[in-house]
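Next come the chains, spelled out residue by residue.
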Amino acid sequence: MNRAEKQQTVDSLGEQFRSITSAFLIDYKGMKVVDATELRRKIREMNGTYVVVKNTLAMRAAKETPLEQLAPYFQGPTAVAYHPKDVVGLAKLLTDISKTNPNISFKAALVEGKAVPASEIQAIAAIPSREVMLGRLVYLLKAPLQRLTMVLKAPVRDLTLVMKQVPK
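Within each chain, residue numbers correspond to sequence positions counted from 1 in written order. Residues qualify for local features only when their pLDDT is at least 70, as the model is predicted, and side-chain atom pairs are given and counted only at 80 or more; totals for whole chains, interfaces and linings, by contrast, use all residues. Side-chain numbers here rest on the full set of heavy atoms in the structure, without hydrogens or water.

**Q** Quick question: what am I supposed to make of the overall build of the protein here?
**A** Only DSSP runs of H or I covering at least 4 residues are called helices, and only runs of E covering at least 2 are called strands; the numbering of each starts at the N terminus. If you tally the helices and strands in the protein, you get six helices and five strands. Starting at the N terminus and ending at the C terminus, the protein contains elements arranged as α-β-α-β-α-β-α-β-β-α-α. The C-alpha radius of gyration computed for the protein amounts to 25 Å, which surpasses the reference 15 Å derived for 168 residues by more than 25%, pointing to a less compact arrangement than a globule. With a 1.4 Å probe rolled over the protein chains alone, any residue whose accessible area is under 20% of its type maximum counts as buried; one over 50% counts as exposed, and the rest are partly exposed. Residues counted as buried form 35% of the 168 residues belonging to the protein. Of all intrachain contacts in the protein linking residues separated by at least 6 positions in sequence, the fraction that spans at least 24 positions is 78%. The globule rule used for comparison is 2.2 Å times the number of residues to the exponent 0.38, while the radius of gyration itself is calculated over C-alpha atoms. Pairs of residues are marked as contacts when any of their non-hydrogen atoms sit within 4.5 Å.

Shown next, in the form of structure tokens:
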């Protein structure tokens, strides 16, 4: 890779890194090509990105971006995985894959602009998905209204029941 290609790679990565607020740094040492291809495919299916790049180029590209906080973790084989919106979904996917493939391990993560150590990534993966959380919120907002309508309907319902019991 000559100097111009390196600069082009740094510029491209820098542009990608500026647009993200959440990312995972992954150690993939000892991972087989077949497993890496499968990992890329699964991340791509959920509209995420998986990038393997030299640490020096990645650190240059990460300057003046939120990813700069993770500079100490760019040592040894490092891959960057990120998703523009679904951080929890990506964390779940990577956690599931790391359970079946011992060659994949987390180094650190950047979640909503804050550095997170590898030990806390399991907690992020345990969070319910966005859709589940929205469903719970809708249920919580809907429940009081349902109870109110039941209370308001009760006198009319009770009156009709009493009226039906009166002999004609």
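Okay, back to it.
**Q** Please clarify how helix α1 (residues 3–18) should be interpreted in this entry.
**A** Residues separated by three or four positions in an α-helix point in the same direction, a consequence of the helix having 3.6 residues per turn. Helix span, as expected, comes to 1.5 Å for every residue beyond the first. The end-to-end C-alpha distance of α1 is 22 Å, a good match for the 22 Å that 16 residues give at a rise of 1.5 Å each. Within α1, the full set of buried residues consists of V10, L13, G14 and F17. Along the long axis of α1, the arc covered by the buried residues comes to 105°, so they all point the same way. Seen from the buried face of α1, the exposed residues on the opposite side, beyond 90 degrees, are A4, Q8 and E15. Tucked into the core, α1 has its buried residues touching β2 (49–52), α3 (55–62) and β3 (79–82). Throughout, the arc means the angular range of directions from the helix axis out to the C-beta atoms.

**Q** Looking at this structure, I do not really get the pairing of strand β4 (residues 105–111). What am I missing?
**A** Each regular strand displays side chains that alternate between the two surfaces of the sheet. Where burial is concerned, most of β4 is hidden: six out of the seven residues are buried. Only strands joined by at least two bridges in the DSSP assignment are considered to pair. As judged from the four bridges shared by β4 and strand β5 (residues 114–117), these two strands associate in the antiparallel manner. Bridge assignment links V111 to a residue of β5, and that residue is K114. Taking the residues that link successive antiparallel strands as the turn, the β4-β5 hairpin has two residues, and the phi of E112 there is positive, at about 50°.

**Q** In this structure, what is going on with the pattern of salt bridges? I would like to understand it.
**A** Side-chain pairs of opposite charge can arise whenever the charged atoms involved come near each other. Note on definitions: salt bridges are taken to be side-chain nitrogens of Lys or Arg within 4 Å of carboxyl oxygens of Asp or Glu. In the structure shown here, the tally under the stated rule is three salt bridges. One salt bridge connects E45 with R41, and the closest N-O pair in it is separated by 2.2 Å. Note that E45 and R41 are positioned in helix α2 (residues 33–45) at a spacing of four residues, about one turn of the helix. By relative accessible area, which is 34% here, R41 ends up partly exposed. D158 is the partner of R157 in a salt bridge, and the nearest nitrogen-oxygen pair spans 3.9 Å. The structure contains a network of salt bridges with shared partners spanning E38, R41 and E45.

**Q** So what exactly am I meant to see when it comes to the nonpolar core here?
**A** Nonpolar side chains tend to gather and get buried jointly when the protein is soluble and globular. With 24 residues, the main nonpolar core has F24, L39, I43, L90 and L94 as its most contacted residues. Ranked by residue count, the leading element in this core is helix α4 (residues 87–100), at six residues. With residues near it in sequence (within four places) discarded, L39 still touches M31, Y50, L94, I97 and I104. One finds V53, L57, L70 and V80 within the second-largest nonpolar core, a separate group that totals 19 residues. Definition of nonpolar core: a set of buried residues of the types Ala, Val, Leu, Ile, Met, Phe, Trp, Tyr and Cys, connected through side-chain atoms within 4.5 Å.

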